[in-house]
Amino acid sequence: HPVMETAARSELIRLEALGHYGIGNKDGDAGNEEKQAESFAVAEGLLVGAIAEDPANEVLLETLYQVYLLTSRYAEALVLFDRHLEISPSDPKLLQNKALAHMRLGQYGEAIAPLSLVLSSDPANAFARLNRAISYYREEDDENAKLDYQIVAETLPNHPAIHFGLGRVAERVGDKAK
């Protein structure tokens, strides 16, 4: 059956690529950065080649963007998120990972829209709410940052990032009032 064959092939490529990524991590831990780079390149090459043959393969797209995220290649991951979101436009995991990539690049304003999409369908998503609060704060939108921090504090009352964020907002708002 062709669908099963495609799924099995995708899974084999995914596992082989992740194996090379794992070998690269061991090489990096051992201080061999050249071998690490080679292993990461093999992993990426396997995935890029397979995606070229099957551009809508979500398993392969997800694996490659994971490799990009794990190797701090956020700009490349963003390209894949946009491609993958064309296939699955409301996937909350994709939207959250896209927002995280933007945040890692310091593009906090760009992170707000995908996080807002997640929250429009799942208002109780504490991960998305906290990251949106952080993004609002970094964009100096203190009112929205405070609101999101307060909402997520109801779910995660002891999370240190919430209290830190609320304190920073209060500090900044107090500074503006002087």
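*Asks:* So what's going on with unusual backbone geometry? Which residues, and what values?
*Replies:* One non-glycine residue, S72, lies in the positive phi region at around 60 degrees. Looking at where S72 falls in the secondary structure, it is placed in the loop between helix 3 (58–70) and helix 4 (74–87). A positive phi angle, close to 60 degrees, is found at E140, a residue other than glycine. Its place among the elements puts E140 in the loop between helix 7 (126–138) and helix 8 (142–155).

*Asks:* Any details on the packing of helix 5 (residues 92–104) against helix 6 (residues 108–121)? Residues and values, ideally.
*Replies:* Where helix 5 contacts helix 6, the two axes come as close as 8 Å, and the packing angle between them is 165 degrees. Taken together, the axes of helix 5 and helix 6 are roughly antiparallel relative to one another. In this structure, helix 5 meets helix 6 at a crossing whose hand is left-handed. Every residue of helix 6 that contacts helix 5 at P92, L95, Q96, A99, H102 and M103 is listed here: Y108, E110, A111, P114, L115, L117 and V118. Class assignment of the residues belonging to the contact of helix 5 with helix 6 gives a composition of 10 nonpolar, 2 polar and 1 charged.

*Asks:* Got a sec to walk through the pattern of salt bridges? Specific residues and values, please.
*Replies:* Counting across every chain of the model gives 10 salt bridges. For the salt bridge of R73 with E44, the shortest nitrogen-to-oxygen distance reads 2.9 Å. A residue pair is termed long-range when its members are at least 10 positions apart, and R73 in the loop between helix 3 and helix 4 and E44 in helix 2 (residues 33–53) qualify at 29 residues. E44 sits in the buried class, given a relative accessible area of 18%. Taken together, the shared-partner salt bridges in this structure form one network comprising E44, R73 and E76.

Cut-offs and rules
Residues numbered from 1 in each chain as written. Predicted model: local features only at pLDDT ≥ 70, side-chain atom pairs only at ≥ 80, totals over all residues. Heavy atoms only, no water. Helix = DSSP H or I, 4+ residues; strand = E, 2+ residues; numbered from the N terminus. Axes fitted to C-alpha atoms, helices over the stretch in contact; angles between N-to-C directions. Parallel < 35°, antiparallel > 145°, perpendicular 65-115°, else oblique. Left-handed = near helix turned anticlockwise from the far one by under 90°. Contact = heavy atoms within 4.5 Å. Nonpolar A, V, L, I, M, F, W, Y, C, P; charged D, E, K, R; others polar. Salt bridge = Lys/Arg side-chain N within 4 Å of Asp/Glu carboxyl O. Buried < 20%, exposed > 50% of the residue type's maximum accessible area, 1.4 Å probe, protein only.

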